[in-house]
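Listed here are the chains, written in short residue letters.
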Amino acid sequence: MPQVEIFIGGRTFEVACQEGEEHFLHSAAAMLDAEAATLAEQIGRLPEARMLLMAGLLLADKTAGLEDKLREAQVEAVELRAQLDRLAAQPAPEPQRIEVPVVPRDLGDTLAELAARAEALADQVDAKLA
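Predicted model only: the values in this text are computed from it and were never measured.

J.: I keep staring at the overall build of the chain and nothing clicks. Help me out?
T.: Secondary structure summary: the chain contains three helices and two strands in total. Taking the principal axes of the C-alpha coordinates as reference, the chain spans close to 100 × 60 × 35 Å. Burial analysis of the chain (130 residues in total) assigns 13% to the buried set. Long-range pairs, those at least 24 residues apart, make up 33% of the contacts in the chain with a sequence separation of at least 6. Summing over all exposed atoms, the chain offers an accessible surface of approximately 10,900 Å²; the carbon and sulfur share of this is 59%. Positive and negative side-chain charges of the chain, numbering 12 and 24 respectively, have mean locations separated by a distance of 6 Å.

Next up, the structure:
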């Protein structure tokens, strides 16, 4: 069983763990150390046992909050899954016929006539300017 040295609240501890669990132990120790550092900033130096107790309680409080959020998210996921299943079970809606207005044929002729008039006016303006 490997022995791991961890650093919490300015103190070093040697802790045994299962083979391959060293990374998790270091992560947990880092979290506990962060809480201990916060306590040290707010309260000052504490006895080792009290510092570890307070840091552990702060982490437990955060964990409880996260567990509450997780439960809420799980309930919401179940509700959304049920809603999705209900929607998937419904028959597909009947297709709707949508008519799109078509540009009238004589509109193209009218636009061509306007373009011809505009070109004629432009020619007249060019002639007067020249």
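J.: What's the story with the UniProt feature "coiled-coil region" (unreviewed entry) in the chain in this structure? I'm lost.
T.: The feature "coiled-coil region" (unreviewed entry), as annotated in UniProt, sits at residues 63-90 in this numbering. Here residues 63-90 runs as 96% helix and 0% strand, with 40 Å between its end C-alpha atoms.

J.: How do you make sense of the confidence of the model for the chain when you look at a structure like this?
T.: Predicted coordinates in areas of low pLDDT are best not read in detail. Taken residue by residue, the chain gives an average pLDDT of 90. The fraction at 70 or more is 100%. Looking across the chain, the model is least confident in helix α1 (residues 22-43), with a mean pLDDT of 89, and most confident in helix α2 (residues 48-89), with 93.

J.: Can you help me understand the pairing of strand β1 (residues 3-8) in this one?
T.: The side chains of a regular strand alternate between both faces of the sheet. The two faces of β1 differ: Val4, Ile6 and Ile8 on one face are buried, but Gln3, Glu5 and Phe7 on the other face are not. As paired strands, β1 and strand β2 (residues 11-16) are joined by six bridges and run antiparallel to one another. Among the inter-strand pairings, Gln3 is bridged to a residue of β2, identified as Ala16. Here β1 folds back onto β2 in antiparallel fashion, the turn holding two residues, of which Gly9 has a positive phi close to 60°.

J.: Sorry, what's going on with the nonpolar core here?
T.: Nonpolar side chains in soluble globular proteins tend to end up buried together. Counting 14 residues, the largest nonpolar core has Ile6 and Ile8 as the members making the most contacts within it. The set of elements that each furnish at least two residues to this core consists of β1, α1 and α2. The element best represented in this core is α1, accounting for five residues. Apart from residues lying up to four places away in sequence, Ile6 is in contact with Arg11, Thr12, Phe13, Val15, Leu25, His26 and Ala29.

J.: Is there a simple way to explain a nonpolar patch on the surface in this structure?
T.: A cluster of nonpolar side chains, namely Val103, Leu107, Leu111 and Leu114, defines an oily patch on the protein surface of about 370 Å² accessible area. Positionally, Leu107 belongs in helix α3 (residues 105-129). Residue Leu107 is classed as partly exposed on the basis of its relative accessible area, which comes to 37%.

J.: Got a minute to help me understand the side chain of Glu35 in this structure?
T.: Here Glu35 is to be found in helix α1. Side chain to side chain, Glu35 and Lys62 meet in a polar contact 2.5 Å long. Residue contacts for Glu35: discarding those within four places in its chain leaves Ala55, Leu58, Leu59 and Lys62.

J.: Teacher, can you tell me more about the pattern of salt bridges here?
T.: A side chain with one charge can pair with a side chain of the opposite charge if their charged atoms come near. Under the counting rule described, the total for this entry stands at four salt bridges. A salt bridge links Asp68 to Arg71; its shortest N-O distance comes to 2.4 Å. You can see Asp68 and its partner Arg71 sitting in helix α2, three residues apart, about one turn around the helix. Overall, the relative accessible area of 44% leaves Arg71 in the partly exposed class. Residue Arg97 is joined to Glu99 by a salt bridge in which the shortest nitrogen-to-oxygen separation is 3.8 Å.

Rules and cut-offs
- Residues numbered from 1 in each chain as written.
- Predicted model: local features only at pLDDT ≥ 70, side-chain atom pairs only at ≥ 80, totals over all residues.
- Heavy atoms only, no water.
- Helix = DSSP H or I, 4+ residues; strand = E, 2+ residues; numbered from the N terminus.
- Buried < 20%, exposed > 50% of the residue type's maximum accessible area, 1.4 Å probe, protein only.
- Contact = heavy atoms within 4.5 Å.
- Areas by Shrake-Rupley, 256 points an atom, 1.4 Å probe, with all protein chains shown as cover.
- Lys, Arg positive; Asp, Glu negative; His and termini not counted.
- Charge placed at Lys NZ, Arg CZ, Asp CG, Glu CD.
- UniProt positions renumbered as here; feature names shortened; annotations may be inferred.
- pLDDT = per-residue confidence, 0-100.
- Pairing = 2+ DSSP bridges.
- Core = buried A, V, L, I, M, F, W, Y, C linked by side-chain atoms within 4.5 Å.
- Patch = residues over 30% accessible without salt bridge, like charges linked within 9 Å, V, L, I, M, F, W, Y side chains within 5 Å.
- Salt bridge = Lys/Arg side-chain N within 4 Å of Asp/Glu carboxyl O.
- Polar contact = N/O pair within 3.5 Å; in protein donor to acceptor, adjacent residues only side chain to side chain.

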